[in-house]
Structures are given as C-alpha cells and as structure tokens.
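This is what each chain is made of:
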Amino acid sequence: MFRFPSFFVSAALLAGCTLGAMAQQPASSSMMTATGPAQTITVNTTAQGQAFPHFWEDMFGSGRAHLVMRAQYQKDLTKVKKVTNFEYVRFHGILDDENGVYRVGKDGKPEYNWTYVDHIYDALLARGIKPYVEISFMPKALAAKPIQQAFWYKPYISPPASYAKWDALIEAFARHLIQRYGIDEVSTWYFEVWNEPNIGFWAGTPKQASYFELYDHTARALKAVSPRLRVGGPATAQAAWVGEMIAHATKDHVPLDFVSTHVYGDDSAANVFHSDRKIAPHQMVCAAVGRVHEEILHSARPHIPLIWSEFNASYANHQDITDSIYMGPWLANTIRECDGKVQMMSYWSFSDVFEEQGVKKTPFYGGFGLLAENGIPKPAYDAFALLHKLGHVRLMVKADDALVTRRADGTLVIAAWNMVEPGGTGPVKHIHFDLKGLGEHAEARIQRVDAHHGDTLAAWKAMGSPKYPTRKQIWELKKASKIGPPQVEEVTDGQLNVAVPPMGLAVMTVRATH
C-alpha cells in the first residue's frame, strides 16, 4: 500500500551495480574475498519438529480490482501461482465506479450491475485463485460527501449517505456471488471490510467509531444473506485497532470471523508501537505481528484467526529495497520470525501491474510486485520460488539466519541468508551445518538469490537503466532473472558448508544417498 510519494534511490546501490552482477555464477569461496568467521548450526534431523504451514505464500495483494481484466495482470497471476501455489488474492476497489456496480436510475432507485465483478472473479477462479474480498470503496452516487483518496484513480472514501442503501448493496452483492458461484465456493472466501480506515482511506469522523458503524452494517448484511460467509476487519495500517475491534464486536455482538491489519518494514516505531524503541527494518513486520498476536491472546477471542492482509519491506517505493536482492534475506527472516503467530500473510503485491501512483514511467522504480513491467522477475520472485521449496515441518535451531525444514519424504530443505540493510556492507557469511542423524552419504543441491543470481535490477542498470526497454532488452532481463542450475555438493557424515554473500539467500535441498 503506497502511502506517500517518495522515490528515493540508494546512492550506494547505484554506485555498486556492475555488469558482473548479471552473470549466473556459483557463489564459491574464491569469489568472496571478504569473509567473516564461520558459524556452526547443529540440526537434529530426526527430531519430531513442529508444523510449518506456508503462511507467507497463501495470499498476495495486487493492483485494484479493475486491473484484473488486463492481459498482463493475468499472465503475472499465472506465473506467480506456478511458483508459490498461492490460494487468495486481495485488491482494492471492487465497488469503485469504474466497475459500474452502482448507479441511481431515473426513478431514483439504486441499480446494480455485476458484469465487471463477474469478469474479475471469473478470471481469478479460472486460474485456481480465490478472492479475498476487500469491500471498498464507496460508489460516488452513494457517498455522503464527494471526498476522494489521493491515488491516481481517485476512489471515494466517504461513509454512505444512507446506511439502508449500503446494506441493500452489500446484500445484493453477496446474493449475486452465491447465485453465480454457489455457497460452497463463496463460503471459502474472506470478506474484509474496507482498507486502512485509521489513515487516509476513510473520511468518516471520528475515524474508529465511524468505521465500526460501517463494519457493523456490512458484517450484518453479509450474515443476513448467509451465516457461512466469513467477515472481518479492521484492515488497519500500522497494526492498529485490533484489540479494540475484538472488544467492540464482543460487546455489541457483531459478527467477526477473523481480524486483519497491516505493517511494512519501514513503518516507524512511533506509529506502530507509540514509542521510540529501535527496531531494524527487517524486524519491524514480525515485531508488530508479535504484538498483535499477544493482544489477541489476552482478548475475549484468544483463538480468532489473524490475517496480515498487507506486508512488504517498504511502503514507499524504495528501489534499493523492493526491486533488489535485499528481499531474499528480508523475506526469509520475516518467515522465521512470524512463524506460529499468524494464520496467513499477504505480500503486497504479486505484480507491478499497479497504478496507485499512475502509469509507470520505468520498469524498476521500487514497485511492490514480484514481477516488474512486462513480467520481468525481480529477486523477490526468485526468493518466493526458492522458499516455496521449504518443507512443512520445522526443525528448531539456534540461529537467526537459517530455517531448517523437513518434507514428508525426509528430505531436508534449509534456507540460510546474510542480512545486510540497503546501503550497508558486510562480510561473506560462512555457515557449517552439522546434520546429525542424516547418514553417512547425502547430496545437497544449492540454489541462490544474490548479486550473481537473479539480480535483474543490477542487469537493468548495467544496460543504462532504460525507461522503455526494447523487446531484446526485456528478453535479456528475463534471462538475467534466471538463477541457474543448482550447485551440487556431496555431504559426508552430515557435514555441509555454505558461503552466503551480503544480501544473499541460499536454499539447500539435502537428500540421503545410498
């Protein structure tokens, strides 16, 4: 979720990009001259472990609803689905005027039109994706005041002029979905009321009380159509209002099937924690998740599902963050720290088919997506693809730079990373894994995202940063995005060594051999 216009680009990263970063080369010790001391991570490979659901890749955000009908959006959706198998997508604006949902007829009565709604949801379902329905924004003809949000497409963010007409719209919307797709299907969706009402996306006053009024009407209207529909909120920015939301719903007996909120890596401690505590950008998201998780545990609904319906390393279009190899270690560490505290997280977003700030002027501008313009994979795309390989049992280790998992067939999948904040420097990290119980002989297949594997931002800069890449340049960038074949290493007596460069991510698949 973009919040204000900032197009900062790190001078340090600009200065450090070279043609060599385009090549797919094995990250051997000979390439990494600056090294740090080795660390040893001991793993009991036969331990029971704990369940490790892939909560970080169940859902993605995207550009607004209307964009779903674009060919490139659908291509990108298919491409990301292939490497993550994600189940839900969330976007703004299903009720926006550009979708033609609501108008007032000559007789003064509301008229509904579901044509584009059907096109949008049909396109998702045809690709094996379910809607996570964010109910937003306000149709102009229903808005109490003509107040618009600052996005390029200018959605209306006013409360409704008539809650009776809003209730009727929501009921008609829900009935249509059930009639078209069936209650057995629609009951597997989520309905989230609005987006970030605590900041600039809701014009009701006072904000919290007026949002609760909107939520109450919406939730009750949905449940009036079918009690099987799942509804929640408050979908706030900066991890706000979750405790208050639960207390309100409990006190007033309002349906609430899940709670949701958002935080980004560059949100401030002042906004999230209302303090001046120092929290590194790679720890902010899970620090907020942990706080909300504790709020829920101490609430009247300690078992209510928590859905983190937006997260990313930055909300402000920093090219040296969301377009860069930094996203590999950032994502891996976020998974490690948030595990067990949240039911589902939604990375914002899967594609740069996205127009909150207007039509893109360059393919690499710090956009949120895994795929840049023309479907060019960014390092974040490769990071998601590699981390999808992790098993569904986590083996606990004493390390803050590794995840060790096991698949049902006994294969180990290990992620290791070297976290360095953008603009910073650091040594190569050497990690020795002592895999106890693995057996005498095994094979490790190592794949990487780093300056020599999948760094399309560096490749684009090496071309001269073309604003409008030619078809040949697009082909070259897609080629540069490929991380190459796995590096194969023999593992004897469970001893595995890996070197990870700064901002690097390595994922190792380890199988016993006979």
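Structure shown above.
Small disclaimer: the values here were computed from a predicted structure and weren't measured.

Next up on the list: the packing of aromatic side chains. Taken as a whole and judged by the stated rule, the model has 35 aromatic pairs. When the centroid spacing of 5.6 Å and the interplanar angle of 35° are considered together, the rings of Tyr132 and Tyr190 count as tilted. Of the two residues, Tyr132 sits in strand E7 (residues 130-135) while Tyr190 sits in strand E8 (residues 190-193), which places them 58 residues apart along the sequence. When sorted by exposure, Tyr132 lands in the same class as Tyr190, which is buried. On the numbers, 5.2 Å between centres and 40° between planes, the contact of Phe364 with Trp460 is tilted. Of this pair, Phe364 sits in the loop between strand E12 (344-347) and strand E13 (371-372) while Trp460 sits in helix H13 (residues 456-462), placing them 96 residues apart in sequence.

Once that is clear, we can look at the pattern of salt bridges. According to the stated counting rule, one finds 24 salt bridges in the structure shown. Here Glu192 makes a salt bridge to Arg90, at a shortest N to O gap of 2.7 Å. On the criterion of sequence distance, the pair formed by Glu192 in strand E8 and Arg90 in strand E4 (residues 88-91) is long-range, its members being 102 residues apart. The exposure classification of Glu192 matches that of Arg90, with both residues buried. Put simply, Arg180 and Asp118 hold a salt bridge, and the shortest N to O gap is 3.3 Å. Note that Arg180 is positioned in helix H4 (residues 163-181) and Asp118 in helix H3 (residues 115-126), a separation of 62 residues in sequence. Of the residues examined, Arg180 reaches a relative accessible area of 40% and is grouped as partly exposed. Asp118 gets classed as buried once you look at its relative accessible area, which sits at 10%.

Glancing now at the environment of Val254. Mapped onto the secondary structure, Val254 falls in the loop between helix H7 (242-252) and strand E10 (258-264). In this structure, the C-alpha to C-alpha distance between Val254 and Leu142, residues 112 residues apart in sequence, is 24 Å. Each residue touching Val254, except ones within four places of it in the same chain, is listed here: Tyr215, Asp216, Ala219, Arg220, His248 and Ala249.

Parameters and conventions
Residue positions are given per chain, counting from 1 as you read along its sequence in written order. Selection of residues for local features in this predicted model requires a pLDDT of at least 70, selection of side-chain atom pairs for listing and counting requires 80 or more, and totals for whole chains, interfaces and linings are taken over all residues. Processing note: side-chain calculations cover all non-hydrogen atoms of the structure and skip hydrogens and water entirely. Geometry of aromatic contacts follows a simple scheme: Phe, Tyr and Trp rings, the Trp one being its six-membered ring, pair when their centres are within 6.5 Å, and the pair is stacked under 30 degrees between planes, edge-to-face over 60, tilted otherwise. Labels follow the DSSP assignment, with helices taken as runs of H or I lasting at least four residues and strands as runs of E lasting at least two, numbered in each case from the N terminus. The buried label goes to any residue with under 20% of its type's maximum accessible area, the exposed label to any with over 50%, and the partly exposed label to all in between, with areas taken from a 1.4 Å probe on protein chains only. Salt bridge, as used here: a side-chain nitrogen of Lys or Arg that lies within 4 Å of a carboxyl oxygen of Asp or Glu. The contact criterion used throughout is that any non-hydrogen atoms of two residues lie within 4.5 Å.

Remember that the coordinates give geometry; whether it matters functionally is a separate question.
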